[in-house]
Amino acid sequence: MNDTAPPKPLRQAPRLADQLHEVARCVLAVEQGQSLSEVLPRVTAGLRPGVQALTFQTLRQLGTARAVARLLARRPPAPPVLALLHTVLALLMADGPGADYPAHTLVDQAIEAAKLDRATRMQAGFLNACLRRYLRESEALLTAARRDPEAVWNHPGWWIERVRRDHPDHWQAMLAANNRPGPMVLRVNRRHVDRDGYARQLAADGIEAHALGEDGLVLAAPQPVERLPGFAQGLCSVQDGAAQLAATLLLQGRAWSTDTRVLDACAAPGGKTAHLLERADLDLLALDVDPRRCERIHDNLRRLGLTAKVKAADAGQPDTWWDGRPFEAILLDAPCTASGIVRRHPDVRRLRRASDVEQLAVQQRRLLDTLWPLLKPGGRLLYCTCSVFRAEGQDQVAAFLERHTDALAIPSVGHLRPGTVMAGGEFNDNESGGYDGFFYARLDKALP
């Protein structure tokens, strides 16, 4: 009897036309105000990895694609057709996953994608004519399109102007960094393994990495977490280098114990909560207003072998959750525009509006003023946002210090630019930089 197992059937790669069809639907959803975190889970699992990669690349080139599309079509077609046109134009000019396909293959498959949906089928000829013209006249079309700053920088005009005003010496590098994917960064769980030891484990598995900060490793190429040795056992987590600074900045220069009361006020999904507990034994309370997001905190802590009190509550309403005992340290990672993490979330720039900055700044101010009385004299509050806008960072803290004479700002990193690395104590622009855009300020409360 032959007990040799039959060969497994080869898994066929998804058709490019099917992927383009789904990418265009994702792009249209973003243009209509939906987040990719809501849209991508609806894509068939077998298509999802390729669709995500191509959607990210499209969104990074969407400003240019829109400008070129306006030159190709005097009257815009129906939104589904326009989204497919934007998608293919963006991929034709891309350096990322779209560049893996010859231009004529992309165009041919785009026409096949148009035939998959009633909303686009009747416009397949129009789409073909536009794309063939682009192939013939791409240089002239791109030159004309890039007279528009939105086509040059692939950000909304209001965003470009705000970054230029807030960071006059670095705005171009910041916008350019947003159009490159961020590297995959790990945080090594020092309770289980030291960073050098884990780097050796990665190297043994053929995964190249270099150190970042105190606990970070930047991977030379992204990896599925299933490939990371000991991930399921809590040896590491995926967390950008900028987010890893929170634990260092809050804990540095002081001895901590299990009697130390610490509040993580807006904690989900729990990355900073976990890092604090990896670094010190604390009596830590983690809050988040969404019960479902609190479950993610629980899941992360369980995987890492850590324990904290987790409560679903609004940090801005302490009457509903605070027991009256002051905290020695508070981490306030406040809701913000997320303007610093566009490398990893390219839809953010299309979802935000100029008015969001001021609305979120009001919410941040309320949280700062509400939580400050909960901090004991001599305690410290670390305020941070994943934003590069001064209204959510430096200006917010300056206004807070005017309102609270018992607060002292301790020198910190301030505004951290996306796509930077630290060398010699300075943050420098670097294409492979492991830091997203962030803002940090530590506020110490004066003793009476």
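Computed from a predicted structure; not experimentally measured.

In this section: the sheet that holds strand S1 (residues 185-188). Spatial ordering of the open sheet is given by S2-S3-S1-S4, a layout of four strands whose pairing is antiparallel. With one partner strand each, in any of the chains shown, strand S2 (209-212) and strand S4 (236-238) form the two edges of the open sheet. Pairs of neighbouring strands in the sheet enclose a mean axial angle of 30°, with direction left out of account. Strand direction decides the pairing type here: S2 and strand S3 (residues 216-219), joined by four bridges, are antiparallel.

Where two aromatic rings form a pair, the distance of their centres and the angle of their planes describe that pair. Tallying each qualifying case throughout the model produces seven aromatic pairs. Relative to Tyr 440, the ring of Phe 438 has its centre 5.3 Å away and its plane inclined at 20°; by these criteria the two rings are stacked. Across the pair, Tyr 440 and Phe 438 agree in class, each one buried. One aromatic cluster in this structure is built from Trp 158, Trp 159 and Phe 389. Over the aromatic face of Phe 389 sits the side chain of Arg 162, whose NZ or CZ is 5.6 Å from the ring centroid. Geometry around Phe 231 places Arg 303 over its ring, the cationic atom sitting 4.0 Å from the centre.

Let us look at the nonpolar core. One finds Val 163, Leu 276, Leu 282, Leu 284, Phe 438 and Tyr 440 to be the most contacted residues of the largest nonpolar core, which totals 52 residues. Considering each element in turn, this core owes the most residues, eight residues, to helix H13 (residues 241-251). Each residue touching Tyr 440, except ones within four places of it in the same chain, is listed here: Ala 242, Ala 243, Leu 245, Ala 246, Leu 249, Lys 272, Leu 382, Tyr 383, Cys 384, Ser 412, Val 413 and Gly 414. Ranked by size, the runner-up nonpolar core spans 47 residues in total, among them Phe 56, Ala 65, Leu 85 and Leu 106.

Another aspect to go through is helix H12 (residues 195-204). Taken as a whole, H12 has its buried residues at Gly 197, Tyr 198 and Leu 202. End-on view of H12: buried residues confined to an arc of 145°, all on one side of the axis. Set apart from the buried face of H12 by more than 90 degrees, the exposed residues are Arg 200, Ala 203 and Ala 204. Close packing links the buried residues of H12 with S1, S2, S3 and S4. The N-capping residue of H12, defined by a side-chain oxygen 3.2 Å from the backbone nitrogen of Asp 196, is Asp 194. Directly after H12, the chain includes Gly 206, whose backbone phi takes a positive value near 80°.

Moving on, we get to the packing of helix H4 (residues 62-72) against helix H8 (residues 124-145). In the contact formed by H4 and H8, the axes pass within 10 Å of each other and the chain directions differ by 115°. Compared by their axis directions, H4 and H8 come out roughly perpendicular. As for the relative orientation of H4 and H8, their crossing is right-handed in sense. Along its contact with H4, which presents Thr 64, Ala 67, Val 68, Leu 71 and Leu 72, the element H8 presents Cys 130, Arg 133, Tyr 134, Leu 141, Leu 142, Ala 144 and Ala 145. For the contact of H4 with H8, the per-class residue count stands at 10 nonpolar, one polar and one charged.

The next subject is the pattern of salt bridges. According to the stated counting rule, one finds 30 salt bridges in the structure shown. One salt bridge connects Arg 66 with Glu 31, and the closest N-O pair in it is separated by 3.2 Å. Pair noted here: Arg 66 is in helix H4 and Glu 31 is in helix H1 (residues 16-31), with a separation of 35 residues, a long-range link. For the salt bridge of Asp 356 with Arg 352, the shortest nitrogen-to-oxygen distance reads 3.9 Å. Looking at Asp 356, the relative accessible area reads 14%, which means it is buried. One connected set of salt bridges, linked through shared partners, spans Arg 190, Glu 214, Asp 215 and Arg 279.

Turning next to the environment of Cys 386. Here Cys 386 shows up in the loop between strand S9 (375-385) and helix H18 (394-403). Here the alpha-carbon distance between Cys 386 and Ser 339, two residues 47 residues apart in the chain, equals 6.6 Å. If we ignore the near neighbours within four places in the chain, the residues touching Cys 386 are Cys 336, Ala 338, Ser 339, Gly 340, Ile 341, Gly 437 and Phe 438.

It is worth spelling out unusual backbone geometry at this point. A cis amide bond links Ala 268 with the next residue in sequence, Pro 269, at an omega value of 5°. Looking at the element boundaries, Pro 269 is found in the loop between strand S5 (261-264) and helix H14 (271-279). Positioned with a positive phi, Asn 154 is a non-glycine residue whose angle comes to about 55°. Tracing the sequence through the fold places Asn 154 in the loop between helix H9 (149-153) and helix H10 (157-166). Phi angles above zero are rare outside glycine, and Ala 338 is one such case at about 60°. Classification of Ala 338 as buried rests on a relative accessible area of 11%.

Conventions and cut-offs
- Residues numbered from 1 in each chain as written.
- Predicted model: local features only at pLDDT ≥ 70, side-chain atom pairs only at ≥ 80, totals over all residues.
- Heavy atoms only, no water.
- Pairing = 2+ DSSP bridges.
- Helix = DSSP H or I, 4+ residues; strand = E, 2+ residues; numbered from the N terminus.
- Axes fitted to C-alpha atoms, helices over the stretch in contact; angles between N-to-C directions.
- Phe/Tyr/Trp six-rings, centres within 6.5 Å; stacked < 30°, edge-to-face > 60°.
- Buried < 20%, exposed > 50% of the residue type's maximum accessible area, 1.4 Å probe, protein only.
- Lys NZ or Arg CZ within 6 Å of the ring centre and 35° of its normal.
- Core = buried A, V, L, I, M, F, W, Y, C linked by side-chain atoms within 4.5 Å.
- Contact = heavy atoms within 4.5 Å.
- Arc of directions from axis to C-beta.
- Polar contact = N/O pair within 3.5 Å; in protein donor to acceptor, adjacent residues only side chain to side chain.
- Parallel < 35°, antiparallel > 145°, perpendicular 65-115°, else oblique.
- Left-handed = near helix turned anticlockwise from the far one by under 90°.
- Nonpolar A, V, L, I, M, F, W, Y, C, P; charged D, E, K, R; others polar.
- Salt bridge = Lys/Arg side-chain N within 4 Å of Asp/Glu carboxyl O.

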